[in-house]
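# Reading the structure
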Amino acid sequence: MGELTMHALAITIPTGGVAIAAYLVVGLVIGVESMGVPLPGETTLIAAALLASQGQLNVAFVIGAAAAGAIIGDSIGYYIGRKAGRGLFERLGRRFHHFSEERIEKAEKYFHKYGVWTVFFGRFVALLRIFAGPMAGMLRMNYPRFLAANATGGIAWATTIGLVAYQVGDNADKIFGQLSIWALVAIAVGLGTAYVVYKVRKRRNPEQAAPSDAVPAGLGNAVESADA
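Residues numbered from 1 in each chain as written. Predicted model: local features only at pLDDT ≥ 70, side-chain atom pairs only at ≥ 80, totals over all residues. Heavy atoms only, no water.

## Re the packing of aromatic side chains
For clarity, the threshold we go by: Note on aromatic contacts: the rings of Phe and Tyr and the six-membered ring of Trp form a pair at centre separations within 6.5 Å, being stacked when their planes are under 30 degrees apart, edge-to-face when over 60 apart, and tilted otherwise. Strands are runs of DSSP state E lasting at least 2 residues, helices are runs of H or I lasting at least 4, and numbering of each runs from the N terminus. For each residue, the accessible area found with a 1.4 Å probe, counting protein chains only, is set against the maximum for its type, and the residue is called buried under 20%, exposed over 50%, and partly exposed in between. When the NZ atom of lysine or the CZ atom of arginine is within 6 Å of a ring's centre and also within 35 degrees of its normal, the charge is said to sit over that ring.
Applying the stated criterion across every chain yields a total of nine aromatic pairs. Ring geometry for Y23 versus F61: centroids 5.6 Å apart, planes at 80 degrees, classification edge-to-face. One end of the pair, Y23, is in helix α2 (residues 20-34); the other, F61, is in helix α4 (residues 59-84), and 38 residues separate them in sequence. We classify F61 as partly exposed; its relative accessible area is 49%. Judged by centre distance (6.2 Å) and plane angle (80 degrees), the rings of W117 and F120 are edge-to-face. Here the residue W117 and the residue F120 both occupy positions in helix α7 (residues 116-122), the gap between them amounting to three residues, near one helical turn. Taking the relative accessible area as the measure of exposure, W117 reaches 54% and is therefore exposed. Taken together, the aromatic side chains of Y78, Y79, Y143 and F146 make up a single cluster linked through ring pairs. The aromatic ring of W157 is capped on one face by R123, whose charged end is 5.0 Å from the ring centroid.

Structure, rendered in structure tokens:
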């Protein structure tokens, strides 16, 4: 996906001219993704930053286009979610895997627990990056607070990813890919270890196997939170 996006961006670059079309592509892809459509926004930003590291684009304009796309797209997504309500997610869930009921509930849980911080930090998480705007609108989050978190999160995300990709150069896609893979591995190992520990404790204490006492209070709360 990264190579295809790079080629697409490269085609739009006028030889010896200002690459306005490339910046528009960056802003458009990220903006549409932020509205709730699963597009490769972060990959597009990385690809553009790679081109900037090769001298074909200006990294400041790449970051500016990405931040603008994120802020505008999230704001449009906010109003879509506010107007359409939960019915929008239910309809999308029947057609697209990204909007499954499980994922919607997980995103909603984050919003209820962390509020506007979900909007800010959600920009760095693929799932929340798609849901943040529409979900905030559906839950009728205060718009000025949403806009503040949206703007600061969008700028922070675009600057961080853009500069890291620009500095790293051609290895950016590999590094980001490895981080994603190792993050998934770490989560899987952590969950697997927790499950094994729980099973071992349960076997060592059969008298606690009754439904009311099967899980220690603290672990029980954690399991309930994970299933919520």
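## Section: the nonpolar core
Operational definition: Here the nonpolar core consists of buried residues drawn from Ala, Val, Leu, Ile, Met, Phe, Trp, Tyr and Cys, with membership extended through side-chain atoms lying within 4.5 Å. By definition, residues are in contact when any of their heavy atoms lie within 4.5 Å.
Counting residues in hydrophobic clusters, the biggest one holds 23 residues, and the most contacted among them are I30, L45, L57, A66 and W157. Breaking this core down by element, the ones donating at least two residues are α2, α3 (41-53), α4 and α9 (143-168). With residues up to four places along the chain from it excluded, the contact list for A66 reads V26, I30, L45, W157 and A158. Membership of the second largest hydrophobic core comes to 16 residues, among which are Y78, M135, M141 and F146.

## Observations regarding the side chain of E33
By the element assignment, E33 lies in helix α2. Not counting chain neighbours up to four residues away, the residues in contact with E33 comprise L39, G41, E42, R123, R129 and I130.

## Observations concerning the side chain of T118
Here T118 is to be found in helix α7. With residues up to four places along the chain from it excluded, the contact list for T118 reads Y110, F111 and L128.

## Focus: α4
Note that an α-helix has 3.6 residues per turn; residues three or four places apart therefore point the same way. Definition in use: For a helix, the expected span equals 1.5 Å multiplied by the number of residues minus one. Throughout this description, a polar contact denotes any pair of N or O atoms lying within 3.5 Å of each other; where both atoms belong to protein, one of them has to be capable of donating a hydrogen while the other can accept it, and for residues adjacent in sequence the pair is counted only when both atoms sit in side chains.
Between its first and last C-alpha atoms α4 spans 37 Å; for 26 residues at 1.5 Å apiece the expected length is 38 Å, and the two agree. The opening residue of α4, the one whose side-chain oxygen lies 2.8 Å from the backbone nitrogen of A60, is N58. Directly beyond the C-terminal end of α4, a positive phi value near 70 degrees is found at G85.

## A look at the pattern of salt bridges
Cut-off, in case you're wondering: Here, a salt bridge means any Lys or Arg side-chain nitrogen found within 4 Å of an Asp or Glu carboxyl oxygen.
Counting across every chain of the model gives three salt bridges. A salt bridge links R129 to E33, with the shortest nitrogen-to-oxygen separation between them at 3.5 Å. One end of the pair, R129, is in helix α8 (residues 126-138); the other, E33, is in helix α2, with 96 residues separating them in the sequence. For the pair shown, R129 and E33 are each scored as buried.

## A look at helix α6 (residues 101-114)
Stated formally: Picture the helix axis, draw a direction to every C-beta atom, and the arc is the one those directions span.
The end-to-end C-alpha separation of α6 is 20 Å, in line with the 20 Å expected for 14 residues at 1.5 Å each. Three or more residues of α6 are buried, namely I104, A107, E108 and F111. Down the axis, α6 shows its buried residues gathered within 100 degrees of arc, on one side only. Residues of α6 that are exposed and angled more than 90 degrees away from the buried face: E102 and K113. Backbone geometry just downstream of α6 places G115 in the positive-phi region, at approximately 60 degrees.

## Overview of a nonpolar patch on the surface
Here is the rule: Like-charged residues within 9 Å of one another, or nonpolar side chains (Val, Leu, Ile, Met, Phe, Trp, Tyr) within 5 Å, are grouped into patches, provided each residue has over 30% relative accessible area and no salt bridge. Note that accessible areas follow from Shrake-Rupley with a 1.4 Å probe, and for residues the cover is restricted to the protein chains shown.
A surface patch of nonpolar side chains, about 460 Å² in accessible area, is lined by Y110, Y114, W117 and F121. Elements that contribute at least two residues to the nonpolar patch include exactly α6 and α7. Looking at Y114, the relative accessible area reads 41%, which means it is partly exposed.

Purely spatial values, then, with no claim about function.
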